[in-house]
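Below, each chain spelled out in residue letters.
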Amino acid sequence: MTEPIDPTSTTAWSELSAARDAFAPDLRAWFADDPGRVTRMTHTLGDLHVDLSKNLVTDEVLASLVKLAEETGVAERYAAMLGGAHINTSEDRAVLHTALRRPEDVDPALVVDGQNIDSDVHEVLDRLGTFADRVRSGEWRGVTGKKVTHVVNIGIGGSDLGPVMVYEALKPYADAGIDAVFVSNIDPTDLAQKTAALDPETTLFIVASKTFTTLETLTNARLARDWLWAKLAEVGAIGADDASRTDAVAHHFVAVSTALDKVAEFGIDPTNAFGFWDWVGGRYSVDSAIGLSLAIALGPDAFRELLAGFHMVDEHVRTTPLERNVPVLMGLLNVWYTNFLGAQSHAVLPYAQQLHRFAAYLQQLTMESNGKSVRWDGSPVTTDTGEVFWGEPGTNGQHAFYQLIHQGTRLIPADFIAFARPAYPLEDGGRDVHGLFLANFLAQTKALAFGKTAAEVEAEGTTGALIAARTFSGNRPTTSIFGPALTPSVLGQLIALYEHITFTQGTIWGINSFDQWGVELGKQLALQIAPAIEGDADALAAQDASTQALLEYYRAQRP
Ligand code: F6P
C-alpha cells in the first residue's frame, strides 16, 4: 500500500489555511448576492436531494477542498478498495463491503485473492433469502411445531447497531407477523427484559458475531440457550436430556459469522449458519448475512432493495468526478470544519422518528473508523481526526439541545435528514401533521443559517438586555438531505453516503478506517479484572489503587 500523503504538506492545505485566515462567513450576503448558489451547491444522489448551500463555504474553498482530495489520492484509494487491495494494512485484509451489494451479473466478476467474491456473496444472499422465506411462511417451525413470531438478534457493535437501526427505520415494511428484538449489552438487564414477554415456542435466536468470540455476544447466547431450555421444559415441551436440548437448539438457534467452526462448537448446526468474510468490517456489515433478522422480519425483497440502494451510491462515488461527488464533498466539508474552523463535533438530526437509532449507528461507523491518532503506516497523524457524531430525531432535539447549536459558543455543523412522504399520514383536525413536522426542519435550517439580527429583534419591540439574548448570529452550517420517502432503497443510499463520507475523511487524514485496535485494551483488562470481581485476592492485588477501591465498594454492596 502506498504511503499516506501528509495532507498538511499539500498545496490545497496552504490555500485552505490562507482562506481560513481571511474567512468571514456571511450566509445572508452570500444568498442575497448570489442567486445561483443554491442550484450550484445542490446535488442529486440517487433519490436524495442534497443541499450544501447552507454550509460555510465559498466556491473557492470548495475548489481547494476538491484539490485536497486530488492531492491526497481519494479517487485512487477508492479504486484500490473496490479492486480488493489490502488497504486494511494492520490486519492485511481487503475491504470489500461494496461487493456485498454488487448485482449478480456484473462482468467481469470480482475475483480477489483467488476468491470469486460475486458468486460467494450471492450464494449466501440466496441462502439467506430462502431461509427467511421459510421462517416467514411458517415452513420453519419451533420444536413444538409453532410458527416463529419473534427473531432475537444477539450481537453487539456492528453485529447489532446496523440491524437494529434498519429494523427501526423500516418497521412499516415488516409484513409477516414477525417482530425483531435486539439484545446486545452484557448487562443482564438487556436479555432479561427483552425475553420477559417472549414465548420460547415461537422465538428464533440469531447469534450474530463476525468473530464468534465476543464476550458479550457469547455470554448472551449462552444465557438465551439456558432461557430456552428452561422455558421449554416449564411447558413440558422438552426434557432435560441432551437429545431434546440439542433438538431445541436446532429449531431455535441460527448463527451468522465468519467463524463457522466456532458456531459448530457452540452447538448450532452449520446448515443453520450463514457466513461472511474477513473483508467485511463489523461496522460495514449490515448488508451482509448480519442482516438476517432484517431479511426475516422485513422480507428478502426489502433486504435486496436496501442493497440496491447502497449500490446506487457506490456507483455514484465510482463514476462521478470529485467536484460533484456528494459523499466526497460532504467528507471534505467535515475536514474543513474539523481542521480549519475548529469544529469538534457533528450533529446528525433526522426529521424521521424511524431513524431514532441512526446517530447511534453512525457513531460506530464514523468514530470507530476515524478515531485514530496514527496513520496506516504507523506514523502519527498530522492533524486532528475523527469528530464526535451525535444526534436525536427532530423535533425532540429541538426541545433539548438545539439551544446550544443556535446560540452556544461552539461551531456544530449539522446534517438534517428528512423525507417528503410519511410512513403514517395522520391529520390533526384536517391539517397534515407530517407537513407541520417538515416545517420545523425547514425552519431550523433557516434559523441556523440566517439568524436574527439585533435590529430585527428591536423592531419587534424588545428592549434592553433581552435584545442580545434574543439575537441569533446565524452562519451555523447545515446540510439538508431530503428524500422522497424512507424506503429500503433510500435507507441503503443514506447509509452508503455516510460510509463514503467516512472513507473520504479517513483517506485525507491518512487513516486506516477499517481496523479498531482502540477497543482491545478495555476488553483485555475486563478479562483480567473479572477474577477480582469473584474475589480472587491476587487479581485484586494486581489492580491500581482506584480500581481496588471500586472493587471493594462493589464487593461490599453486591447482593
Ligand atoms: O467493538 C469492537 C468490535 O470488534 C466491533 O468492531 C464489532 O462490530 C463488534 O466488536 C462485534 O464484533 P463481533 O461481530 O465479532 O462479535
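This one's a predicted model, so the numbers in the text were calculated from it and none came from an experiment.

1. Details of the sheet that holds strand S7 (residues 203–208)
For step 1, the next point in the chain: The sheet built from five strands is open, its strands ordered S6-S5-S7-S8-S9 with parallel pairing. Edge positions in the open sheet fall to strand S6 (179–183) and strand S9 (273–275), since each of these has one partner strand only. This sheet shows a mean twist of 20° between the axes of neighbouring strands, independent of strand direction.
For step 2, the next point in the chain: Judged from the five bridges that link them, strand S5 (residues 150–154) and S6 form a sheet pairing that is parallel. For Val152, the partnering residue across the bridge sits in S6 and is Val181.

2. Details of helix H14 (residues 326–340)
For step 1, the next point in the chain: With 15 residues, H14 should reach 21 Å at 1.5 Å per residue; the first-to-last C-alpha distance of 20 Å fits that figure.
For step 2, the next point in the chain: In terms of burial, H14 is largely enclosed, as 15 of its 15 residues are buried.
For step 3, the next point in the chain: The first or second residue beyond H14 is Gly342, which carries a positive phi of 80°.

3. As for the nonpolar core
For step 1, the next point in the chain: Ranked by internal contacts, the top residues of the largest apolar core, which has 140 residues, are Ile206, Leu332 and Trp336.
For step 2, the next point in the chain: Dropping the residues within four chain positions of it, Ile206 is found in contact with Val151, Val152, Asn153, Ile154, Val254, Val256, Leu292 and Ser293.

4. Digging into the sheet that holds strand S15 (residues 478–485)
For step 1, the next point in the chain: The mixed open sheet is built from six strands, whose spatial order is S1-S2-S15-S12-S10-S11. The sheet terminates laterally at strand S1 (42–45) and strand S11 (388–390), the two strands that pair on one side only. Neighbour-to-neighbour, the strand axes of the sheet open up by a mean angle of 20°, direction not taken into account.
For step 2, the next point in the chain: Here helix H17 (residues 433–450) sits on the sheet and contacts strand S10 (345–351), strand S12 (414–421) and S15; the angle it forms with S12, its principal contact strand, is near 150°.

5. Observations concerning unusual backbone geometry
For step 1, the next point in the chain: Between Asp107 and the following residue, Pro108, the backbone shows a cis peptide bond with an omega angle of 0°.
For step 2, the next point in the chain: Within the secondary structure layout, Pro108 lies in the loop between helix H5 (74–83) and strand S3 (111–112).
For step 3, the next point in the chain: Here the bond from Gly394 into Thr395 is cis, since omega is 0°, no more than 30 degrees from zero.
For step 4, the next point in the chain: Positionally, Thr395 belongs in the loop between S11 and helix H16 (402–407).

6. Observations regarding the UniProt feature "active site" (unreviewed entry) in the chain
For step 1, the next point in the chain: Feature annotation in UniProt places "active site" (unreviewed entry) on Glu368, His399 and Lys523, given in this structure's numbering. With a sequence span of 156 residues, these residues are also far apart in the fold, their greatest C-alpha distance being 36.9 Å.
For step 2, the next point in the chain: With respect to the helices, strands and loops of the structure, Glu368 is situated in helix H15 (residues 358–370).
For step 3, the next point in the chain: Apart from residues lying up to four places away in sequence, Glu368 is in contact with Arg283 and Gln516.
For step 4, the next point in the chain: Note on Lys523: 12 C-beta atoms within 10 Å, which makes it exposed.

7. Things to note about the pairing of S7
For step 1, the next point in the chain: Judged by how many residues are buried, S7 sits mostly within the fold: six of six residues are covered.
For step 2, the next point in the chain: Pairing of S5 with S7 involves five bridges; the strand directions are parallel. In the sheet register, Ile154 faces S7, and the bridge partner there is Val207.
For step 3, the next point in the chain: Direction of pairing for S7 relative to strand S8 (residues 253–257): parallel, over a ladder of four bridges. Considered in S8, the bridge of Ile206 is made with Val254.

About the criteria used
Residues numbered from 1 in each chain as written. Predicted model: local features only at pLDDT ≥ 70, side-chain atom pairs only at ≥ 80, totals over all residues. Pairing = 2+ DSSP bridges. Helix = DSSP H or I, 4+ residues; strand = E, 2+ residues; numbered from the N terminus. Axes fitted to C-alpha atoms, helices over the stretch in contact; angles between N-to-C directions. Expected span 1.5 Å × (residues − 1). Buried ≥ 20, exposed ≤ 12 C-beta atoms within 10 Å, placed from the backbone. Core = buried A, V, L, I, M, F, W, Y, C linked by C-beta atoms within 7 Å. Contact = placed C-beta atoms within 7 Å. UniProt positions renumbered as here; feature names shortened; annotations may be inferred.

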